[in-house]
Amino acid sequence: MMQLVEERPYRWRIEPEGGMRVPGVVFATRELLPDPSEDQALAQVAAVATLPGIVEAAYAMPDMHWGYGFPIGGVAATDVAAGGVVSPGGVGFDISCGVRLLLADLHVDDLRPRLDKLMDALDVSVPRGMSKGAVWRLHSQAELENILAGGARYAVERGHGEPGDLERCEDRGAVADADPARIGSRARERGLQQVGSLGSGNHFLEVEAVAEVYDEEIAEAYGLWQGRVCVMIHTGSRGLGHQICTDAVKTMQAAMTRYGISVPDRQLACAPVESHEGRTYLAAMAAAANYGRANRQLLGQAARQAFDRVTGHGDLSLLYDVSHNLAKLETHEVDGGTRRLCVHRKGATLALPPGHADLPPDLRPVGQPVLVPGSMGVGSYVLAGVPGGPAFASACHGAGRRLSRHQAVKTTRAATLRAELERAGIAVRGASARGLTEETPQAYKDLDAVVEVCVQAGLARKVAKLTPVGVVKG
């Protein structure tokens, strides 16, 4: 039996046993811990702790739930110089899935009379669902190569946005070590027709308004004021990223024996960061991350155009864009020394502290905006990175599922859910009835409770809460 100990409020420890090289650390209240009879996320934390080169602990955020290999909400870092590995399961299939938050110079009371027209415009402007429609119709592999290498930067160069957007993007909009040559033909085929599209599942574009401000100083630095209209976009690298993960898992499963690696779950397939397989995956993953960032850049620009047509306020400013499915090579202090680590964040958001060199100068004094979307009808949070945060400067990425999509469909009907949301003043534009019911708010954990754990555990600081007024779903 796994030994789970409450170290202190909001922090639990899985004691090392068997092949575990480090403990597991779970940030949660008792109520937010997954039920082992229904959700194997805790067992997955223990399995991640067996990875070669792992340091400190296998961490899990309060929104954790069962995933592929790693739990969603999992964070783990491996020491590159000590044979540390990279595992595609520690990133996930939707590489660089992330969140972008734009701010309109508009109060929600002024938007209300035009809300339906705006939602109709967004409904038309935002390709979504399983279809291949996209904002940018690529005509050649050369264009795709440029997106894979240049990310949001290339999109801006081609007129899809403003140069200032890039200052508010993680990695200034593009990962430098991307290598499109490492991507297979099937991934390219899937990516050619989907850049600038929302997808399905839990991806969305949501019109929101600032409902509460908790930290006036940071909120002012972020440009968040009571009633301000915002646009939150949640999507990733679509089929291209999924295919890259699929290909890498197969390659690493075949390669592990050659490196003398044994894992308790084949979904944790991995290879040393400095191996051929490790370098190939990281270069392909970086290219997928650039695709995801270009994707959000294009959708943000589509939102700007819809706002301009309907409200005359199309100059939406970008607060921040950050991924929550990525592995990054970072430098951290571990056991009194500086180490180069491969930090896996799967369903966990980077949360850089104040003063960090990777932040733009105007955000550096207050820390990175941490964007935490909730479920439809619940709202979202903006948090801020804090000094000395545990888990390698990471925080939660959302509410976290408590019901599978199959279970969620049984809890409500699309027409009922739509009516409930509209009674709450939330205009809904959904591509399919099933897509709506799969994402019913009842399928998710209590977002307020999840965020409170993040704050109390020292992972991030609460800045503002946003309330939804319109939702575009796949």
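This is a predicted model, so every value here is computed, not measured.

Asker: Is there a simple way to think about the overall build of the protein chain in this case?
Answerer: Secondary structure summary: the protein chain contains 14 helices and 19 strands in total. Here the C-alpha atoms of the protein chain give a radius of gyration of 21 Å, agreeing with the 23 Å that 2.2 N^0.38 yields for 474 residues. Judged by the C-alpha coordinates and their principal axes, the protein chain covers about 60 × 50 × 45 Å. Expressed as a percentage of contacts within the protein chain between residues at least 6 apart in sequence, the contacts between residues at least 24 apart total 76%. Accessible area for the protein chain stands at about 17300 Å²; split by element, carbon and sulfur atoms hold 49% of it.

Asker: Which parts of the structure should I look at to understand the sheet that holds strand β13 (residues 337-346)?
Answerer: Hydrogen bonds between backbone atoms are what pair the strands of a sheet, whose relative direction is either parallel or antiparallel. Here 7 strands make up an open sheet; going across it, the order is β1-β2-β3-β4-β5-β13-β12 and the pairing mixed. Strands at the two margins of the open sheet, each flanked by one partner only, are β1 (4-8) and β12 (325-334). Averaged over all neighbouring strand pairs, the angle between strand axes comes to 25°, with direction disregarded. Where strand β2 (residues 11-14) and strand β3 (residues 24-26) come together, 3 bridges link them in antiparallel fashion. Of the residues in β3, the one forming a bridge with isoleucine 14 is glycine 24. On the sheet, helix α1 (residues 41-48) packs against β1, β2, β3, β4 (58-65) and β5 (72-79) and is oriented at approximately 160° with respect to β4.

Asker: Sorry if this is basic, but what is going on with the packing of aromatic side chains here?
Answerer: Aromatic ring pairs are defined here through the distance separating the ring centres and the angle between the ring planes. Within the structure shown, the criterion is met by 5 aromatic pairs. On the basis of an interplanar angle of 15° and a centroid distance of 5.8 Å, the ring pair of tryptophan 136 and tyrosine 154 is categorised as stacked. Pair noted here: tryptophan 136 is in the loop between α3 (115-125) and α4 (141-157) and tyrosine 154 is in helix α4, with a separation of 18 residues, a long-range link. Comparing tryptophan 136 with tyrosine 154, the two get one shared label, buried. Note on tyrosine 214 and tyrosine 381: the rings are 6.3 Å apart at their centroids and 20° apart in plane angle, and the pair reads as stacked. Taken together, the positions of tyrosine 214 in the loop between β8 (204-213) and α7 (216-222) and tyrosine 381 in strand β16 (residues 380-384) put the pair 167 residues apart, joining distant regions of the chain. The rings of Phe27, Tyr59 and Phe392 are connected pair by pair, giving a single aromatic cluster. Above the face of the tyrosine 214 ring, lysine 462 is positioned so that its terminal group lies 4.6 Å from the ring centre.

Asker: Just to check I follow, could you spell out the side chain of threonine 349 for this structure?
Answerer: Here threonine 349 lies in strand β14 (residues 348-350). By relative accessible area, which is 0% here, threonine 349 ends up buried. A distance of 3.4 Å separates the side chain of threonine 349 from the backbone oxygen of cysteine 396, its partner in a polar contact. If sequence neighbours within four positions are ignored, threonine 349 has contacts with Val322, Ser323, His324, Gln368, Val370, Leu371, Ala393, Ser394, Ala395, Cys396 and His397.

Asker: How should I be thinking about the environment of alanine 181 in this particular structure?
Answerer: Here alanine 181 is to be found in the loop between α5 (163-167) and α6 (185-191). Placed 36 residues apart in sequence, alanine 181 and glutamate 145 show a C-alpha to C-alpha distance of 8.6 Å.

Asker: What's the story with helix α12 (residues 414-423) in this structure? I'm lost.
Answerer: A turn of α-helix holds 3.6 residues, and therefore any two residues three or four places apart point the same way. For α12, the complete set of buried residues consists of Ala414, Leu417 and Leu421. Seen from one end, α12 has its buried residues packed into an arc of 65°, which puts them on one side. Against the buried residues of α12 lie β18 (427-430) and α13 (433-438). Trailing α12 by a residue or two, glycine 425 shows a phi angle of about 85°, which is positive.

Asker: What is the right way to look at unusual backbone geometry in this model?
Answerer: A negative phi angle is the norm for most residues apart from glycine, just as the trans form is the norm for most peptide bonds. Positive phi is not limited to glycine here, since alanine 391 has a value of about 60°. On the secondary structure map, alanine 391 appears in helix α10 (residues 390-393). Accessibility expressed as a relative area gives 1% for alanine 391, which makes it buried. At alanine 393, a position not held by glycine, the phi torsion is positive, near 60°.

Asker: I keep staring at the environment of glutamate 422 and nothing clicks. Help me out?
Answerer: Here glutamate 422 is to be found in helix α12. With relative accessibility at 42%, the residue glutamate 422 sits in the partly exposed group.

Asker: Teacher, can you tell me more about α1 here?
Answerer: For α1, the buried fraction is high: 7 of the 8 residues fall into the buried class. Looking only at α1, the buried set comprises Ala41, Leu42, Gln44, Val45, Ala46, Ala47 and Val48. For α1, the elements touching its buried residues are β1, β2, β3, β4 and β5.

Asker: Would you explain a negative patch on the surface in this entry?
Answerer: A cluster of acidic side chains, namely Asp105, Glu162, Asp308 and Asp315, defines a negative patch on the protein surface. The residue aspartate 315 is located in the loop between α9 (276-311) and β11 (317-323) in this model.

Asker: Sorry if this is basic, but what is going on with the pairing of β16 here?
Answerer: Within a regular strand, the side chains alternate between the two sheet faces. In terms of residue burial, β16 counts as a mostly covered element, since 5 of its 5 residues are buried. Here β16 shows no split at all, with Ser380, Val382 and Ala384 on one side and Tyr381 and Leu383 on the other all buried. With 5 bridges connecting them, β16 and strand β19 (residues 461-473) associate as antiparallel partners. Within the sheet, the bridge partner assigned to leucine 383 lies in β19 and is lysine 462.

Asker: Would you take a moment to explain the pattern of salt bridges for this structure?
Answerer: Side-chain pairs of opposite charge can arise whenever the charged atoms involved come near each other. In this structure the tally under the stated criterion is 29 salt bridges. A salt bridge links arginine 339 to aspartate 79, with the shortest nitrogen-to-oxygen separation between them at 2.8 Å. One end of the pair, arginine 339, is in strand β13; the other, aspartate 79, is in strand β5, and 260 residues separate them in sequence. Look at arginine 339 and you get partly exposed, because its relative accessible area is 25%. Several salt bridges converge on common partners, so that one network encompasses Glu7, Arg11, Arg13 and Glu15.

Asker: Is there a simple way to think about the nonpolar core in this case?
Answerer: Buried together is how nonpolar side chains tend to be arranged in soluble globular proteins. The biggest cluster of nonpolar side chains holds 100 residues, and the ones touching the most others in it are Val26, Tyr281 and Phe392. Here the element with the most residues in this core is α9; it accounts for 11 residues. Valine 26 has contacts with Tyr10, Arg11, Trp12, Ile14, Leu33, Leu42, Ala60 and Met64, leaving out every residue within four places of it along the chain. If you look at the next biggest cluster of nonpolar residues, it comprises 28 residues, including Leu106, Val108, Leu111 and Ala303.

Analysis parameters
Residues numbered from 1 in each chain as written. Predicted model: local features only at pLDDT ≥ 70, side-chain atom pairs only at ≥ 80, totals over all residues. Heavy atoms only, no water. Helix = DSSP H or I, 4+ residues; strand = E, 2+ residues; numbered from the N terminus. Rg over C-alpha atoms; globule rule 2.2 N^0.38 Å. Contact = heavy atoms within 4.5 Å. Areas by Shrake-Rupley, 256 points an atom, 1.4 Å probe, with all protein chains shown as cover. Pairing = 2+ DSSP bridges. Axes fitted to C-alpha atoms, helices over the stretch in contact; angles between N-to-C directions. Phe/Tyr/Trp six-rings, centres within 6.5 Å; stacked < 30°, edge-to-face > 60°. Buried < 20%, exposed > 50% of the residue type's maximum accessible area, 1.4 Å probe, protein only. Lys NZ or Arg CZ within 6 Å of the ring centre and 35° of its normal. Polar contact = N/O pair within 3.5 Å; in protein donor to acceptor, adjacent residues only side chain to side chain. Arc of directions from axis to C-beta. Patch = residues over 30% accessible without salt bridge, like charges linked within 9 Å, V, L, I, M, F, W, Y side chains within 5 Å. Salt bridge = Lys/Arg side-chain N within 4 Å of Asp/Glu carboxyl O. Lys, Arg positive; Asp, Glu negative; His and termini not counted. Charge placed at Lys NZ, Arg CZ, Asp CG, Glu CD. Core = buried A, V, L, I, M, F, W, Y, C linked by side-chain atoms within 4.5 Å.

Note that every value here comes from positions in space, so none of it alone points to a role or purpose.
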